Amino acid sequence: MIDLYLAAATEEAGHNPIVPIWEEIVIGSVAFAVLCFVLMKFVFPQMEKTFQARVDAIEGGLKKAETAQAEANQLLEQYKAQLAEARTEAARIRDEARADAEGIRQDVLAKAREESDRIIAAGNEQLSAQREAIVRELRSEVGTLAVDLASKIVGEALADEARTRGTVERFIADLDTAGQR
């Protein structure tokens, strides 16, 4: 509807529709100049401040991120160093524990050997004592049996005990000598 009104007004004036009216060009140019002035004076500086603030925030964020990354890398290196130190310490403690265990094992084995040697020595002493007692007992029995046997063979009693004992001792000594050869 406005187009029809403008078209009717233009036809009345007898003006060519392709060529603009000079008054409209002047008013439009002034309005454009005022608009450009307002934009340049008030809006663009404000937009520039906003853009600069955004750039600063981004750059600051990047710097903070770089700083945080550097700190994280430093903490990671510290953690790795502490972990390596802890592993070294654990290995040292394990080695000490193994050495202590080996020392305890050697002590226990030495005590067991000593106890075993003591028991064996006591057993040997006991066996020697029993052997000597058995040998003494056998000597007296062998002597008595020999005298009885000799008495039966000879047909008379060998009553003299001292003589009998001497004969028996000599006989047993001869047996010992013959057994050792």
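Given the structure is predicted, the values throughout are model-derived calculations rather than measurements.

Reading the values: rules and limits
- Residues numbered from 1 in each chain as written.
- Predicted model: local features only at pLDDT ≥ 70, side-chain atom pairs only at ≥ 80, totals over all residues.
- Heavy atoms only, no water.
- Helix = DSSP H or I, 4+ residues; strand = E, 2+ residues; numbered from the N terminus.
- Buried < 20%, exposed > 50% of the residue type's maximum accessible area, 1.4 Å probe, protein only.
- Areas by Shrake-Rupley, 256 points an atom, 1.4 Å probe, with all protein chains shown as cover.
- UniProt positions renumbered as here; feature names shortened; annotations may be inferred.
- Salt bridge = Lys/Arg side-chain N within 4 Å of Asp/Glu carboxyl O.

Engineer: In this structure, what is going on with the overall build of the protein chain? I would like to understand it.
Structural biologist: Within the protein chain, the regular secondary structure consists of three helices and zero strands. Evaluated residue by residue, the protein chain yields a buried proportion of 3% over its 181 residues. About 16000 Å² of surface is accessible on the protein chain, with carbon and sulfur atoms providing 62% of the total.

Engineer: Is there a simple way to think about the UniProt feature "coiled-coil region" (unreviewed entry) in the protein chain in this case?
Structural biologist: The UniProt entry lists residues 58–96 under the feature "coiled-coil region" (unreviewed entry), expressed in the numbering used here. The span residues 58–96 carries 100% helix and 0% strand; its end-to-end C-alpha distance comes to 56 Å.

Engineer: Help me out: how do you make sense of the pattern of salt bridges in this one?
Structural biologist: Oppositely charged side chains can pair when the atoms bearing their charge come close. Applying the stated rule across the entire model yields five salt bridges. For Arg 118, the salt bridge identified is with Glu 115, shortest N-O distance 2.4 Å. Remark: Glu 115 and Arg 118 occur in helix α2 (residues 22–154); sequence separation between them is three residues, near one turn of the helix. Classification of Arg 118 by relative accessible area gives partly exposed; the value is 48%. Each of Glu 89, Arg 92 and Glu 96 takes part in one network of salt bridges that share partners.

Engineer: Is there a simple way to think about the UniProt feature "transmembrane region" (unreviewed entry) in the protein chain in this case?
Structural biologist: Per the UniProt annotation, the sites labelled "transmembrane region" (unreviewed entry) are residues 25–44. End C-alpha to end C-alpha, residues 25–44 measures 26 Å, and it is 100% helix and 0% strand.

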